[in-house]
Each structure stands twice: as structure tokens, then as C-alpha cells.
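Examining the three-dimensional arrangement
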Amino acid sequence: MKLDKPAPTDHPVHELISRRWSPRAFAATPVEKEKMQRLFEAARWAASSSNVQPWRFLLTHQGTDAFRALHSCLSNGNKPWTQNVPILMLSVTDTIFPAKNDKPARDNPTAKHDLGLALANLSLQATDMGLHVHPMAGFDNGRVKEIFGLPTPYEPVTVTAIGYAADSSTLPDDLRGREEAPRSRKALSDFVFESSWGEPASFT
Ligand SMILES: Cc1cc2nc3c(=O)[nH]c(=O)nc-3n(C[C@H](O)[C@H](O)[C@H](O)COP(=O)(O)O)c2cc1C
């Protein structure tokens, strides 16, 4: 069964938000060049602090040495289901605000936040084009830096699988169960507060 997993939302949201999800079963089908352009065009127009656009992406394609190198950095939990995905992408952020006018270069406290915004744009654009993305924090950060020679201010944050979702029956049993499990989230009252910390907002 090829799974759509629309979120069982408590309130109506845009369908791109409810339809986005992170599968583990991916088809080997390559992603069209035009769709790649549109994914990163979406990322490009994300908001960022002072418009510094700290995000950087390093793409690796199935069957290449670069793909094998990035795949080898993944955690044991992530290696099995990612071995046949068409694209593994390293997401990196520039942790330094560049010097501007009389202000010297300094740490950018929202570097990861802004990378996340770009990834969110990319994820929703992917959903709109029938693609899926699955981000992963489970990888060896130090090894990635070394293998790909990332200069000092650049920090790897996630590795993301990109491609078309496949039938969940292509997964081994243990992963198939997780693939088919219902989706869940905290209630609004657990994370939207009003007036004081911990006080659920009145509309929740
Ligand atoms: C920053 C980040 C790191 C993640 N790391 C992993 C990971 O290492 N392995 C994995 O299988 N999923 C990983 N995920 C996927 C989450 O488990 C998934 O987004 C979450 O369970 C919600 O499911 P959904 O994306 O289908 O709504 C990660 C997601 C994010 C945003």
C-alpha cells in the first residue's frame, strides 16, 4: 500500500501542511531537474534574520561516491531505509553573521532557525509536486564535516532523503509498522500559552 498519511488535524489547515509527512519507503525513481529547481526556489524565498540566508545544501545522488560517503555517516537506524533513495541532501547553516558597516562579524543565534524555515518551504513545495522529504538528525556530524571539508563557520544540521514515496511493503517488517502507524501531535494547550508561562491560551 502506498501511504498517504494526512494529519488528523483538530482545526482545518492548508492541505499542503496536512499532507506533508516523512516516509521511509522511497522509490528509486529520479527526481526531475525542473522539480529540483522548484524545491530550492521555494527554500530560497524563506525568511531569515537580516536576510542573511544562512542555509546551504549539498546534494548527493544515488550511485555516486558522494552519496555513499554521506550515507556512511548516517546512524544505524537511518542507514537501512535510505540506501535506495534517489537523493541524500546535507543541510548546513552558516553560523556567523557577516560584518556589516561598523559591526564586526558575530555569531548568528538564529542560523538553525532560518535553515529550518528554508527546509519547511522546501518540504511544502515537495508535497505540492508529489515528492516527499524525510529529514534526519541521526548522523555523525564530525565525520560529515571532515569528509566534505566544510569550512569552520558552516555547521551540518540534518541529512534529508528526497524522492517519491513507495509502497510500504517494500520495507522490512520493523520499519513497516512505523510507516503505517497513526500520526500524532501534542495538543495546542500543551504548547500555546497566554499571559503567563504554562497557562494554555484561551482558544486552545
Ligand atoms: C530535525 C529533525 C530530525 C529528524 N531526525 C530523524 C532521524 O534521524 N531519523 C528518522 O527516521 N526521522 C527523523 N526525523 C523525522 C521525524 O521523526 C518526523 O518528522 C516526526 O516523527 C513527525 O512525523 P512526520 O514528519 O511524518 O509528520 C527528524 C525530523 C526532524 C525535523
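Residues numbered from 1 in each chain as written. Predicted model: local features only at pLDDT ≥ 70, side-chain atom pairs only at ≥ 80, totals over all residues. Heavy atoms only, no water.

What follows deals with the environment of Ser49. When you line up the elements, Ser49 lands in the loop between helix H2 (33-44) and strand E1 (55-61). In this structure the C-alpha to C-alpha distance between Ser49 and Asp114, which are 65 residues apart in sequence, comes to 7.2 Å. Setting aside residues up to four positions removed in sequence, Ser49 forms contacts with Phe97, Thr110 and Asp114. (Helix = DSSP H or I, 4+ residues; strand = E, 2+ residues; numbered from the N terminus. Contact = heavy atoms within 4.5 Å.)

Turning our eyes to something else, we now look at the side chain of Thr60. As for its position among the elements, Thr60 is in strand E1. By relative accessible area, which is 1% here, Thr60 ends up buried. Discounting chain neighbours no more than four positions away, the residues touching Thr60 are Ala66, Phe67, Leu70, Pro86, Ile87, Leu88 and Phe148. (Buried < 20%, exposed > 50% of the residue type's maximum accessible area, 1.4 Å probe, protein only.)

Lining the immediate surroundings of the ligand are 14 residues, of which Ser22, His134, Ala137, Arg183 and Arg185 lie closest. Take Arg20: an N or O atom from its side chain is 2.9 Å from an oxygen atom of the ligand. Contact between the ligand and His134: a nitrogen atom at 2.8 Å from a side-chain N or O atom of the residue. Protein contact buries 59% of the 620 Å² of open area that the ligand shows by itself. Of the residues assigned to the shell around the ligand, the class counts are five nonpolar, five polar and four charged. (Near = heavy atom within 4 Å. Polar contact = N/O pair within 3.5 Å; in protein donor to acceptor, adjacent residues only side chain to side chain. Areas by Shrake-Rupley, 256 points an atom, 1.4 Å probe, with all protein chains shown as cover. Nonpolar A, V, L, I, M, F, W, Y, C, P; charged D, E, K, R; others polar.)

Geometrically, a packed helix pair is captured by the angle between its two axes and the distance between the axes. Relative orientation of the contacting elements H2 and helix H5 (residues 111-128) amounts to 140 degrees, with a least axis distance of 7 Å. The chirality of how H2 crosses H5 is right-handed. Where H2 approaches H5, its residues Arg38, Leu39, Phe40, Ala42 and Ala43 are matched on the opposing element by Ala118, Asn121, Leu122, Gln125 and Ala126. By residue class, the composition of the contact of H2 with H5 is seven nonpolar, two polar and one charged. (Axes fitted to C-alpha atoms, helices over the stretch in contact; angles between N-to-C directions. Left-handed = near helix turned anticlockwise from the far one by under 90°.)

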